[in-house]
Amino acid sequence: MADDERQRRYREVIGHFATGVAIVTADGADGPVGMTANALCSLSLDPLLLLVCFENSARTLPFVQSAGRFAVNILRHEQHALSGVFASKIPEHEKFDGVPWRAQDGAPVLENSLAWLVCDLREVHPGGDHTIAIGAVAEMSHDDSGRPLVWYRGRYGVLVDGEPAEARLPN
Ligand SMILES: Cc1cc2nc3c(=O)[nH]c(=O)nc-3n(C[C@H](O)[C@H](O)[C@H](O)COP(=O)(O)O)c2cc1C
């Protein structure tokens, strides 16, 4: 199988691992910067660590490194359009047009996110065409109301709870 075919197959297979969607933000040279990310996970409880994988070409990565601090904003399902904006390559400052945010413990936190964590960048490791950034959690909070935005097989979805899974399957 050719390399590009194996990559396509890999994306298809790993796409069955449903994830939430976050916007990772940092202070940039001229204001806040950020990008949509789902390659993130909890790493350690003692100490509190999480990791985010950045494409090496992500414009947000050098700002995370220079700021030494970043925020992970976990999105609500209503924020799928915002996810699209932050996944785009429009000029970085335009991503924040009309988006309410605040400086929170040294990182830009989006208002209305379902949950957020502010992290100190601790380590950076190469990972193929990505860079693995490990952050120590400094501050965090969440909102109990609302449902997360879900990414599954290359599409946005919403988590349905409070009903049996069979109810959602076609006959
Ligand atoms: C649902 C979704 C998840 C994504 N996850 C990641 C990710 O974990 N890491 C990454 O580097 N890019 C990820 N991307 C792609 C980036 O958001 C995209 O390359 C973006 O343009 C980067 O912005 P920047 O160059 O301004 O930093 C994801 C895109 C989508 C739609």
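For the structure itself, look to the data block above.
Residues numbered from 1 in each chain as written. Predicted model: local features only at pLDDT ≥ 70, side-chain atom pairs only at ≥ 80, totals over all residues. Heavy atoms only, no water.

Asker: How do you make sense of the overall build of the protein chain when you look at a structure like this?
Answerer: From N to C terminus, the protein chain includes 3 helices and 12 strands. For 171 residues, the compact-globule estimate of 2.2 N^0.38 gives 16 Å, and the protein chain sits close to it at 17 Å. In terms of overall dimensions, the protein chain has C-alpha extents of about 55 × 45 × 40 Å along its principal axes. A total of 171 residues make up the protein chain; the buried ones form 35% of that total. Accessible surface, the protein chain as shown: approximately 10,200 Å² in total, 53% of it carbon and sulfur. Averaging the locations of the 15 positively and 23 negatively charged side chains of the protein chain gives two centres separated by 6 Å. (Helix = DSSP H or I, 4+ residues; strand = E, 2+ residues; numbered from the N terminus. Rg over C-alpha atoms; globule rule 2.2 N^0.38 Å. Buried < 20%, exposed > 50% of the residue type's maximum accessible area, 1.4 Å probe, protein only. Areas by Shrake-Rupley, 256 points an atom, 1.4 Å probe, with all protein chains shown as cover. Lys, Arg positive; Asp, Glu negative; His and termini not counted. Charge placed at Lys NZ, Arg CZ, Asp CG, Glu CD.)

Asker: Sorry if this is basic, but what is going on with the site of the ligand here?
Answerer: Around the ligand there are 18 residues in total, and Cys53, Glu55, Thr60, Lys89 and Lys95 lie nearest to it. Threonine 36 places a main-chain nitrogen or oxygen 2.8 Å from an oxygen atom of the ligand. One of the side-chain N or O atoms of lysine 89 is found 2.5 Å from an oxygen atom in the ligand. Expressed as a share of its isolated accessible area of 640 Å², the protein-covered part of the ligand is 89%. Listing elements by their share of the shell around the ligand, those giving two or more residues are β3 (31–37) and β5 (49–55). (Near = heavy atom within 4 Å. Polar contact = N/O pair within 3.5 Å; in protein donor to acceptor, adjacent residues only side chain to side chain.)

Asker: Could you clarify how one ought to interpret the side chain of asparagine 73 in this entry?
Answerer: Position of asparagine 73 among the secondary structure elements: in strand β6 (residues 69–74). Judged by relative accessible area, asparagine 73 falls into the buried class, the value being 0%. From its side chain, asparagine 73 meets the backbone nitrogen of leucine 110 in a polar contact 2.9 Å long. Discounting residues that sit within four places of it in the chain, asparagine 73 has contacts with Val21, Ala22, Ile23, Thr25, Pro108, Val109, Leu110, Ser113, Ala115 and Trp116. (Contact = heavy atoms within 4.5 Å.)

Asker: Please explain the sheet that holds strand β4 (residues 40–44) as it appears in this structure.
Answerer: For sheets, the rule is that strands pair by backbone hydrogen bonds, running either parallel or antiparallel. Spatially, the 7 strands line up as an open sheet ordered β3-β2-β6-β9-β10-β5-β4, and their pairing is antiparallel. Single-partner strands in this sheet number two, and they are β3 and β4. Sheet twist, expressed as the mean angle between neighbouring strand axes with direction ignored, is 35°. (Pairing = 2+ DSSP bridges. Axes fitted to C-alpha atoms, helices over the stretch in contact; angles between N-to-C directions.)

Asker: Hey, could you run me through the sheet that holds strand β12 (residues 155–158) in this one?
Answerer: Across the sheet, which stays open at both edges, the 3 strands sit in the order β1-β11-β12 with antiparallel pairing between neighbours. Across the chains shown, the open sheet's two edge strands, defined by having one partner strand only, are β1 (19–20) and β12. Here strand β11 (residues 149–152) runs beside β12; their pairing, made up of 4 bridges, is antiparallel. Along β12, the bridge assignment pairs tryptophan 151 with tyrosine 156.

Asker: In this structure, what is going on with the nonpolar core? I would like to understand it.
Answerer: Taken as a class, soluble globular proteins show a tendency for nonpolar side chains to be buried jointly. Ranked by size, the top nonpolar core spans 19 residues in total, and within it Val24, Leu50, Val52, Phe54, Phe70 and Val72 carry the most contacts. At the level of elements, β2 (22–28), β3, β5, α2 (60–67), β6, β9 (115–127) and β10 (130–142) are the ones that each hand at least two residues to this core. When residues no more than four places from it in sequence are discounted, the contact partners of valine 72 are Ala22, Ile23, Val24, Leu40, Leu50, Val52, Ala115, Trp116 and Leu117. Counting 9 residues, the second largest nonpolar core, distinct from the first, contains Ile23, Leu82, Phe86 and Val99. (Core = buried A, V, L, I, M, F, W, Y, C linked by side-chain atoms within 4.5 Å.)

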